[in-house]
Amino acid sequence: AEIQNYITQTKLTNMLKTPDGMYYSIRPSGVTKKAATSDLVTLNYKLYLLDGTLIDSTNASAKQFKSIVYGVSNSIFTSIVQLMKEGDKGTFLVPSSLAYGSSSFANVPAYSVLRVEAEVISIRTETEQISDMKTLYGFTKSETTSSGMVFQKLTDSTSTTEPTIGTAKTVTVKYLGRLGYGTVKTDATTNRLVFDSKFGEGNVTFITGTSQVIKGFEEAVMKLKLKEKAKIILPSSLAYGANGNAVIPGYSP
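Residues numbered from 1 in each chain as written. Predicted model: local features only at pLDDT ≥ 70, side-chain atom pairs only at ≥ 80, totals over all residues. Heavy atoms only, no water.

**Thoughts on the nonpolar core**
Membership of the largest hydrophobic core comes to 24 residues, with the highest contact counts inside it found for V41, F77, I80, V81, F92 and V116. Breaking this core down by element, the ones donating at least two residues are strand 3 (40-49), helix 2 (78-82), strand 6 (89-94) and strand 7 (114-124). In this structure V116 touches Y45, K46, L47, I76, F77, I80, G90, T91, F92 and V94, once residues within four positions along its chain are discounted. Formed by 8 residues, the second largest nonpolar core is a distinct cluster that contains I3, I7, M15 and Y23. (Core = buried A, V, L, I, M, F, W, Y, C linked by side-chain atoms within 4.5 Å. Buried < 20%, exposed > 50% of the residue type's maximum accessible area, 1.4 Å probe, protein only. Helix = DSSP H or I, 4+ residues; strand = E, 2+ residues; numbered from the N terminus. Contact = heavy atoms within 4.5 Å.)

Following this line, the structure appears as structure tokens:
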């Protein structure tokens, strides 16, 4: 009833209703590409309470968008993306059952209906994401191994006799890991919100050939000699697969 009253009061037109109670109107782009499970969907959105209070939004001018791996987990955007194609824009009135339900969240009271203005900026398969990452992170002289890893050595060993790292070797590797897109997170030093693609960095020690680290990381390390550096892109099959981990969604290169 709250949604229907809002539609009448704001004079929204051409609103359709889904079986689970969400009302929507989509302005199609003419593109036919829809998201499939494992695709990376990038959104521009504004999220409001029905009284007009802005709850959350992306920052299009700063190119800080929301990216989700479709089909991996449910969120307020799952039902929205399901209805949209690449380039579409739409207005969505989301019942609390598809939003935060009986829980309050920040300045969103329990059982709140939400209005979402959303635009699908892009839909990218994992293969397309890897291509994008090669451009984004400057892979200019890379090779793609038989396993699908993209590998580019950055510094060569000065020794002509130093062997590559074999199996059963204890190695310590300094690393920096990034996704192909940014996310909003809290900076541990300043406690301020930042938009960054980094998911981890530091040193990791492991024994090669014992499956102590993800398959692609070990494959890359074993192509190197002591003190050499490289950058790599791992398809999800060489990383955290369909399930992901605490910070990396499933199907993520």
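**Concerning the environment of E143**
Residue position: E143 is located in strand 8 (residues 143-144). Separated by 10 residues in sequence, E143 and K153 have C-alpha atoms that sit 9.4 Å apart. Those residues in contact with E143 that lie beyond four places of it in its chain are M149, V150, F151 and K223.

**Remarks on the packing of aromatic side chains**
Evaluation of the coordinates by the stated rule reveals 5 aromatic pairs. Look at Y24 and F92: their rings are 6.4 Å apart centre to centre, the planes differ by 15°, and that puts the pair in the stacked class. Here F92 lies in strand 6 and Y24 lies in strand 2 (residues 23-27), a separation of 68 residues in the sequence. F92 sits in the buried class, given a relative accessible area of 0%. Seen from their ring centres, Y100 and F105 are 4.9 Å apart, and the 15° between their planes marks the pair as stacked. Given the relative accessible area of 47%, F105 is considered partly exposed. Grouped by ring-pair contacts, the aromatic residues Y175, F206 and F217 constitute a single cluster. (Phe/Tyr/Trp six-rings, centres within 6.5 Å; stacked < 30°, edge-to-face > 60°.)

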